[in-house]
Amino acid sequence: MSVPDYMQCAEDHQTVLVVVQPVGIVPEDQFFRIYKRIASVAQVSIRDSQRNLYIRYRHHYLPENNEWGDFQTHRKVVGLISVTTCGSAKEWPQTLDRFHSQKEVFGATLYDSRLLVFGLQGEIAEQQRTDVAFYSSYEDCPNVEKRVEDFVESIFIVLESKRLDRATDKSGDKIPLLCVPFEKKDFVGLDTDSRHYKKRCQGRMRKHVGDLCLQAGMLQDALVHYHMAVELLRSVNDFLWLGAALEGLCSASVIFHYPGGTAGKASGRKPSLAQGQGQAADAGKRHRPGKQHSSLCALTANGISADTSSEIGRAKNCLGPEDIIEKYKEAISYYGKYKNAGVIELEACVKAVRVLAIQKRAMEASEFLQNAVYINLGQLSEEEKIQRYSILSELYHLIGFHRKSAFFKRVAAMQCVAPTIPEPGWRACYKLLLETLPGYSLSLDPKDFSKGSHCGWAAVQMRLLHELVYASRRMGNPGLSVRHLSFLLQTMLDFLSDQEKKEVTQSLENYTSKCPGGMEVLTLPDGLKLPPVAFTKLPIIRSVKLLDLPVSLRPHKQKGLLENNMSTKSPFIYSPIIMHTRGEERNKKIEFQWVQGEVCEVQLMVYNPMPFELRVEHMGLLTSGVEFEALPAALSLPAESGLYPVTLVGVPRTAGNITVNGYHTSVFGVTSDCLLEGLPSVLTSGCVVEVIPSLPRLQLSTSLPRSAHPLQPSKEELSSSVSVQLFNGETQHLTITLENIGSEDLETLEVASKTCNTKEKLFGEFLSWDLDEAVSQLPLKPGQSVTLTVNIKVRLDFSGGENLLQDLNDDGISVTGLPISSPLRQVLKPRAETKPLGSESSKTDYNHVKTLEAVMTFKYSGGAGKVEGYYRDLTLGVHVDIEPSVFFTRVSTLPATRTRQCHLLLDVFNSTEHELTVSANNNQDLVLHASECQRYVTFNLPIQRESVDDILLHSMY
């Protein structure tokens, strides 16, 4: 016997073997349809008896295995059911001859046989025969199960007669010597009259009768015969048959202790379909856990109900759970002494493992399996090797050794594509490799790798993934190769060396050049679905921040409409009860708004973990809530770049609340949709923002150059700024052009100004304009512009009032509130601190420059945004540097000819670098060169009740 039956279990020792085979040409689907119905009759309750007969069906059985039927009777083919198709009476003789020829193959051991004929009608089909059943078609055969039950009962009759015949044979001299095939040549010329030989014959026959009793449902008798056989065979050192007797004793004990079976649900015995409900229920109790008491009656010999004496006898002869395993070990050790008994030894190991699995003794079971691995069965075919490793894998899985199970499953997969196979089975290899994944703590769903620390041996997992990639490529499925390779790169990136990263990415690029990778779910032929793989680590994202619009484009809400938004806010600043989570942060609405039709920005802080430059193509945003046009970007990140800011942009096309769900990339030819909800380590301040309806957009340009420095006192951000330098009292015209570069009409425009610094006393208006002409051109269509002229006029006080007041008081003139005086003065009475007029310090005092700054605000709105109460504003900063022009260094008076008049004497100093003319009413003009000082006399000034400062101001301006 060279081919083991890996599906055998201990309870198979009580079954009778029936072979079901086709005769002639029978459609495969029709044959297995009938085979399934025949195999459903796996247990039959014998009439006039409480015993059950269990049947094991096979549609393929090697005749050489049948030769071991005397050694273990459950290996003997005792029944044959042939299935054939016969279309006419002419074919019937030939069909019948084939049936007889088929019986001859197992003829030496057959108890009975049946032929099921389909398709034959007429006189032949109407004949009443016990061994042949005729049916018109495969669909019209209602009583197949009943025929099979009758067939099984006929087998039981023969079985019972053989049991009685062997059990009542008392003449030890006439007992034949039962042999296994390889023993026959060893007993040639042996002394048959010796006592040793007779004991051998008696022991082997006792063991054989025990097998027959077990098959016939007489568990107690079987136990007795096995015990006697063990004693006889042990005395003559007949180790092979002693092992068989011990195994039979173990099987009978297992049947007693574990009525539910040891092979799992598939081995459960089913009652006959033709029995009454009461019989079916009783028969079904035979192999149900927890129903041992009711099953004892069915196991009692000769149909006699169990009593106290029989219970005592059974308990005495039956092995306990611990003894069962010890006897299995002893039997296997005896089998190991015989090279030709390798199959028997292997099957015994398998049976023992199944029993130990029921007993939850995994470590001992692993010892039996380890022994099974090293059993030499000679030259096995590749298919037999695959089957052997697959069964070992299933048994290791049965006892909870999942990694060991995966190991042998992988060995079976590699055996499918062994070099000696002319046509390697890559599909079978791939299927087996997929079955190894759970044993190595490996899942093909990337989400399982984002939950906590890594589980399993990364090196083994990477090896397995590489084998999946290669197998899928040899299957001719490059898309599958791309998916597995992408999964390897995403989940095992932290465990790859720099060289391995380069090799994997090169392979991935080669695969994607033929079949680009995407985010679709791949469905395998067996229904398994492979989820998409997103490259969330290429690059790694550390934070996501939604950016506000530039200052000039930010929308503002009308003050009267803000109350509705404030009503939903809590009056409390902070509550310790509120639990903040990352998910809430992502769903939190951001305070600022985006505008429909305007470019919006999201900043990502990214990191390249690869040891080479990473090229990211078509990187864009994934959003929901409103229609959004993502504008993809292309990145090139240097090797191990560290945190690197990347800005992704897009345009919302409709209004509403928009949620930034993630981003999409294309790396190494694989398109990925990376969702933020799957990246718990990413920091974000919120991903929901309101998009308001569209607004017009103005672009501001001026006739003056832009300012080189921002306004110092103003902390607000300015859209633009201009700078100009003027002399005190000078006026400058500023032309401002506002162009509508948006898509909405400009409907409203308001202009306001605010002086930033108020330290200096300002005379008159600093900025003035006329808005009526600009407003008359509204609404302003897109592409049109409007011009506004602003007058900049500066009149500041550069005097030091207290000094000039002192000068006038020295002259005997009483003046009050005089604000104007020269910082460098010459008085009528010389003083010690008086300095020469042309000294350097005097010039620096005259060159003192004052600064005046203001902010102009252009508030505008239009379109759908105006309807919702939104507007925009532009701010223009105006920076003016003011230099003094004329200083009055001395002021004095002389009496005139009239008592009500006087002459005013002014020493005028030109502090500029230009020539200027000083004029007053009714006086001639005075021309002053740069840095020149002259006296200027006004004649016949009337003495009126007015302040001196008014007199001087009138003289200056």
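Rules behind the numbers
- Residues numbered from 1 in each chain as written.
- Predicted model: local features only at pLDDT ≥ 70, side-chain atom pairs only at ≥ 80, totals over all residues.
- Heavy atoms only, no water.
- UniProt positions renumbered as here; feature names shortened; annotations may be inferred.
- Helix = DSSP H or I, 4+ residues; strand = E, 2+ residues; numbered from the N terminus.
- Buried < 20%, exposed > 50% of the residue type's maximum accessible area, 1.4 Å probe, protein only.
- Contact = heavy atoms within 4.5 Å.
- Pairing = 2+ DSSP bridges.
- Axes fitted to C-alpha atoms, helices over the stretch in contact; angles between N-to-C directions.
- Core = buried A, V, L, I, M, F, W, Y, C linked by side-chain atoms within 4.5 Å.
- Parallel < 35°, antiparallel > 145°, perpendicular 65-115°, else oblique.
- Left-handed = near helix turned anticlockwise from the far one by under 90°.
- Nonpolar A, V, L, I, M, F, W, Y, C, P; charged D, E, K, R; others polar.
- Expected span 1.5 Å × (residues − 1).
- Phe/Tyr/Trp six-rings, centres within 6.5 Å; stacked < 30°, edge-to-face > 60°.
- Lys NZ or Arg CZ within 6 Å of the ring centre and 35° of its normal.
- pLDDT = per-residue confidence, 0-100.
- Salt bridge = Lys/Arg side-chain N within 4 Å of Asp/Glu carboxyl O.

- Looking up the chain in an unreviewed UniProt entry gives the name Trafficking protein particle complex subunit 9, with the organism given as Oncorhynchus kisutch.
- According to its UniProt record, the chain has this under Subcellular location (unreviewed entry): "Golgi apparatus".
- Of the comments in the UniProt record for the chain, the one headed Sequence similarities (unreviewed entry) reads "Belongs to the NIBP family."

### Considerations on the overall build of the chain
Reasoning step 1: Scanning the chain from N- to C-terminus turns up 26 helices and 33 strands.
Reasoning step 2: Looking at the 957 residues of the chain, the share that counts as buried comes to 48%.
Reasoning step 3: Within the chain, contacts between residues separated by at least 24 positions form 73% of all contacts whose residues are at least 6 apart in sequence.

### Describing the sheet that holds strand S1 (residues 15-23)
Reasoning step 1: Ordered by their spatial adjacency, six strands build an open sheet running S2-S3-S1-S4-S5-S6, and the pairing between neighbours is mixed. Only two strands of the sheet have a single partner each, and these edge strands are strand S2 (43-45) and strand S6 (132-135). Averaged over all adjacent pairs, the angle separating strand axes in this sheet is 25°, with direction ignored.
Reasoning step 2: Taken together, the three bridges between S2 and strand S3 (residues 52-58) define a ladder with antiparallel strand orientation. What sits directly across from Val 44, in S3, is Leu 53.
Reasoning step 3: Packing against the sheet, helix H1 (residues 28-39) makes contact with S1, S3, strand S4 (77-85) and strand S5 (112-118), and its axis sits at approximately 160° to S1.

### Digging into the nonpolar core
Reasoning step 1: One finds Tyr 430, Leu 489, Leu 538, Leu 546 and Trp 594 to be the most contacted residues of the largest nonpolar core, which totals 84 residues.
Reasoning step 2: Per-element tally for this core: the top contributor is helix H17 (residues 458-474), with seven residues.
Reasoning step 3: Core analysis: the next-biggest nonpolar cluster, separate from the first, contains 72 residues, Ala 10, Ala 229, Leu 249 and Leu 395 among them.

### Focus on the packing of helix H12 (residues 342-358) against helix H13 (residues 362-373)
Reasoning step 1: At a minimum axis separation of 9 Å, H12 and H13 run at an interaxial angle of 165°. The orientation of H12 with respect to H13, classified from their angle, is roughly antiparallel. By crossing handedness, the relation of H12 to H13 is classed as left-handed. Contacts between H12 and H13 involve Glu 345, Leu 346, Cys 349, Ala 352, Val 353 and Leu 356 from the first element and Glu 364, Ala 365, Phe 368, Leu 369, Asn 371 and Ala 372 from the second.
Reasoning step 2: Of the residues contributing to the contact of H12 with H13, the split by class is nine nonpolar, one polar and two charged.

### Describing the environment of Asn 728
Reasoning step 1: Following the sequence through the fold, Asn 728 ends up in the loop between strand S22 (720-727) and strand S23 (731-740).
Reasoning step 2: Linking Asn 728 and Asp 797, residues 69 residues apart in sequence, is a C-alpha distance of 8.6 Å.

### Details of helix H5 (residues 195-215)
Reasoning step 1: The first and last C-alpha atoms of H5 sit 30 Å apart over 21 residues, in line with the 30 Å expected at 1.5 Å per residue.
Reasoning step 2: Counting buried positions along H5 yields 15 of 21 residues, so the element is predominantly enclosed.
Reasoning step 3: Once H5 ends, the next one or two residues include Gly 217, with phi positive near 85°.

### A few points about the packing of aromatic side chains
Any two aromatic rings considered together are summarised by their centre-to-centre distance and by the angle between their planes.
Reasoning step 1: Applying the stated criterion across every chain, the model contains 19 aromatic pairs.
Reasoning step 2: With a centroid separation of 5.2 Å and an interplanar angle of 75°, the aromatic rings of Phe 31 and Phe 32 are classed as edge-to-face.
Reasoning step 3: For Phe 31, a relative accessible area of 5% corresponds to the buried category.
Reasoning step 4: Across the ring face of Phe 71, the terminal group of Lys 207 is positioned such that the distance to the ring centre comes to 5.5 Å.
Reasoning step 5: We note Lys 859 situated over the ring of Tyr 871; from NZ or CZ to the ring centre the distance is 4.4 Å.

### Brief notes about the sheet that holds strand S9 (residues 540-546)
Reasoning step 1: Ordered in space as S14-S16-S12-S9-S19, the five strands form an open sheet in which the pairing is mixed. Edge strands, defined here as strands with exactly one partner in the open sheet, are strand S14 (628-631) and strand S19 (683-684).
Reasoning step 2: In terms of strand pairing, S9 meets strand S12 (residues 600-607) through six bridges, oriented antiparallel. Paired with Ser 543 across the bridge in S12 is Met 605.

### A closer look at the confidence of the model for the chain
Reasoning step 1: Predicted confidence across the chain gives a mean pLDDT of 82, with 82% of residues reaching 70 or more.
Reasoning step 2: Below a pLDDT of 50 lies the segment residues 562-569, which in the model reaches two contacts outside its immediate sequence neighbourhood of four places, other chains included.
Reasoning step 3: A low-confidence stretch, residues 578-583 (pLDDT under 50), is modelled with five contacts involving residues beyond four sequence positions or located in other chains.

### Observations concerning the packing of helix H15 (residues 402-415) against helix H16 (residues 426-436)
Reasoning step 1: Where H15 contacts H16, the two axes come as close as 8 Å, and the packing angle between them is 170°. If you check the angle between H15 and H16, you find them roughly antiparallel. In contact with Ala 406, Lys 409, Arg 410, Ala 412, Ala 413 and Met 414 of H15, H16 contributes Cys 429, Leu 432, Leu 433, Glu 435 and Thr 436.
Reasoning step 2: Taken together, the residues of the contact of H15 with H16 break down into seven nonpolar, one polar and three charged.

### Some points on the pattern of salt bridges
Reasoning step 1: Taken as a whole and judged by the stated rule, the model has 31 salt bridges.
Reasoning step 2: When the shortest N-O distance is used, the salt bridge between Arg 463 and Glu 467 registers 3.3 Å. Residue Arg 463 and its partner Glu 467 are located together in helix H17, separated by four residues, close to a single helical turn.
Reasoning step 3: On the accessibility criterion, Arg 463 (51% relative accessible area) is exposed.
Reasoning step 4: With its nearest N and O atoms 2.3 Å apart, the salt bridge here joins Arg 653 to Glu 629. Of this pair, Arg 653 sits in the loop between strand S16 (644-652) and strand S17 (656-667) while Glu 629 is found in strand S14, placing the two residues 24 residues apart along the sequence.
Reasoning step 5: Judged by its relative accessible area of 35%, Glu 629 is partly exposed.
Reasoning step 6: Counted as one network, the salt bridges with shared partners bring together Glu 183, Arg 200, Arg 204 and Asp 238.

### Re the side chain of Ser 405
Reasoning step 1: Its location among the elements puts Ser 405 in helix H15.
Reasoning step 2: In contact with Ser 405, other than residues within four places in its own chain, are Ser 393, Glu 394, Tyr 396 and His 397.

### As for the environment of Gly 642
Reasoning step 1: Within the secondary structure, Gly 642 is located in the loop between strand S15 (633-637) and S16.
Reasoning step 2: A C-alpha to C-alpha distance of 8.2 Å links Gly 642 and Pro 609, two positions 33 residues apart in sequence.
Reasoning step 3: With sequence-adjacent residues up to four places away left out, Gly 642 is seen in contact with Val 606 and Tyr 607.

### Some remarks on the pairing of S23
Reasoning step 1: Where strand S21 (residues 698-702) lies against S23, five bridges are found, and the strand directions are antiparallel. Within S23, the residue paired with Gln 699 across the bridge is Glu 739.
Reasoning step 2: Pairing of S23 with strand S26 (residues 785-793) involves nine bridges; the strand directions are antiparallel. Among the inter-strand pairings, Ile 736 is bridged to a residue of S26, identified as Leu 788.

### Some points on unusual backbone geometry
Reasoning step 1: Of the consecutive residues Leu 538 and Pro 539, the connecting peptide bond is found in the cis state with omega at -5°.
Reasoning step 2: Positionally, Pro 539 belongs in the loop between strand S8 (529-530) and S9.
Reasoning step 3: Cis geometry marks the peptide bond from Leu 778 to Pro 779, where omega comes out at -5°.
Reasoning step 4: Checked against the element boundaries, Pro 779 lands in the loop between helix H22 (772-775) and S26.
Reasoning step 5: Here Glu 640, not a glycine, exhibits a phi torsion of approximately 45°, which is positive.
Reasoning step 6: With respect to the secondary-structure elements, Glu 640 resides in the loop between S15 and S16.
Reasoning step 7: The exposure class of Glu 640 is partly exposed, given its relative accessible area of 47%.
Reasoning step 8: With phi around 55°, Phe 668 is a residue other than glycine that occupies positive phi space.
Reasoning step 9: Within the secondary structure, Phe 668 is located in the loop between S17 and strand S18 (670-675).
Reasoning step 10: With relative accessibility at 10%, the residue Phe 668 sits in the buried group.

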